Amino acid sequence: MAALPEPEQAPPQQTDADKQAIACLAQAAYFEARGEGEAGMRAVVHVVLNRTKSRYYPATECAVIRQGGPTAPCQFSWYCDGRSDVPRNKKSYAKAVAIAEAARAGNSADPTGGADMFHSRAVDPYWAQVAVQTAVIGRHIFYQLN
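Conventions adopted
Residues numbered from 1 in each chain as written. Predicted model: local features only at pLDDT ≥ 70, side-chain atom pairs only at ≥ 80, totals over all residues. Heavy atoms only, no water. Helix = DSSP H or I, 4+ residues; strand = E, 2+ residues; numbered from the N terminus. Buried < 20%, exposed > 50% of the residue type's maximum accessible area, 1.4 Å probe, protein only. Contact = heavy atoms within 4.5 Å. Lys, Arg positive; Asp, Glu negative; His and termini not counted. Charge placed at Lys NZ, Arg CZ, Asp CG, Glu CD. Disulfide = S-S within 2.5 Å. Salt bridge = Lys/Arg side-chain N within 4 Å of Asp/Glu carboxyl O. Pairing = 2+ DSSP bridges. Axes fitted to C-alpha atoms, helices over the stretch in contact; angles between N-to-C directions.

**Q** Give a description of the overall build of the protein chain that names residues and reports values.
**A** Helix and strand counts for the protein chain come out as 4 helices and 3 strands. Secondary structure of the protein chain in N-to-C order comes out as α-α-α-α-β-β-β. Seen through its C-alpha atoms, the protein chain measures out along the principal axes to roughly 70 × 35 × 30 Å. Taking all 146 residues of the protein chain together, 39% fall into the buried category. Within the protein chain, counting contacts between residues at least 6 apart in sequence, those at least 24 apart form 57% of the total. Taking the average place of the 15 positive charges on the side chains of the protein chain and the average place of its 14 negative ones, the gap between the two points comes to 7 Å.

See the structure below:
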């Protein structure tokens, strides 16, 4: 007698917390790096995820992004600049959501080498002198603070 095939497992359902985390990651990718394509957006998402694993930052994706509050100074300038945080380019935002989902599910390698900080090449923050540079992706330089 032949064995019955195993039933297909449905993918796990996303909780409200999962959906919120993915939305926060996607916003970060969109507002920080939408003009840099998939590589830049993936790098930003991984920085946020790396921060959630550090004792120096909040434990959730949304809390990492909102650290410092809605007014300057804050961790992510797009969050506290007083402008709308609603993505306008639906195609770029959909790409950011897909990148966020893959990274959060563990299906995306970290291109930053474990970075927990980054900045645009256009600025030179004081902390860059004491952090270890791990990658340069697009217009951003990535670092790990040891």
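**Q** Which residues make up the state of the cysteines, and what values do they have?
**A** Simply put, the disulfide is a covalent bond whose two ends are the sulfur atoms of two cysteines. Under the defined criterion, the tally for this structure stands at 2 disulfides. The disulfide bridge from Cys-74 ends at Cys-80, spanning 1.9 Å between sulfur atoms. Around the S-S axis, the bridge from Cys-74 to Cys-80 shows a dihedral of about -65 degrees and counts as left-handed. What makes Cys-80 buried here is its relative accessible area of 11%. If the cysteines joined by disulfides in the protein chain are listed in sequence order, their pairing comes out as 1-2, 3-4.

**Q** Could you give an account of the pattern of salt bridges, with specific residues and numbers?
**A** Here the structure, examined in full by the defined rule, presents 4 salt bridges. Here Arg-42 ties to Glu-38 by a salt bridge, and the two come within 2.6 Å at their closest N and O atoms. You can see Arg-42 and its partner Glu-38 sitting in helix α2 (residues 37-52), 4 residues apart, about one turn around the helix. Of the residues examined, Arg-42 reaches a relative accessible area of 22% and is grouped as partly exposed. Glu-38 sits in the partly exposed class, given a relative accessible area of 42%. Beyond isolated ion pairs, a larger network of salt bridges with shared partners links Asp-18, Glu-61 and Arg-104.

**Q** Any chance you could break down the sheet that holds strand β2 (residues 132-137) for me, citing the residues and the numbers?
**A** Spatial strand order, β1-β3-β2: 3 strands in an open sheet with antiparallel pairing. Bordering the open sheet on either side are β1 (117-120) and β2, each of which pairs with just one other strand. For this sheet the average axis-to-axis angle between neighbouring strands, irrespective of direction, equals 25 degrees. Here 5 bridges tie β2 to strand β3 (residues 140-144), and the two strands are oriented antiparallel to one another. Looking across to β3, one finds that Ala-135 is bridged to Phe-142.

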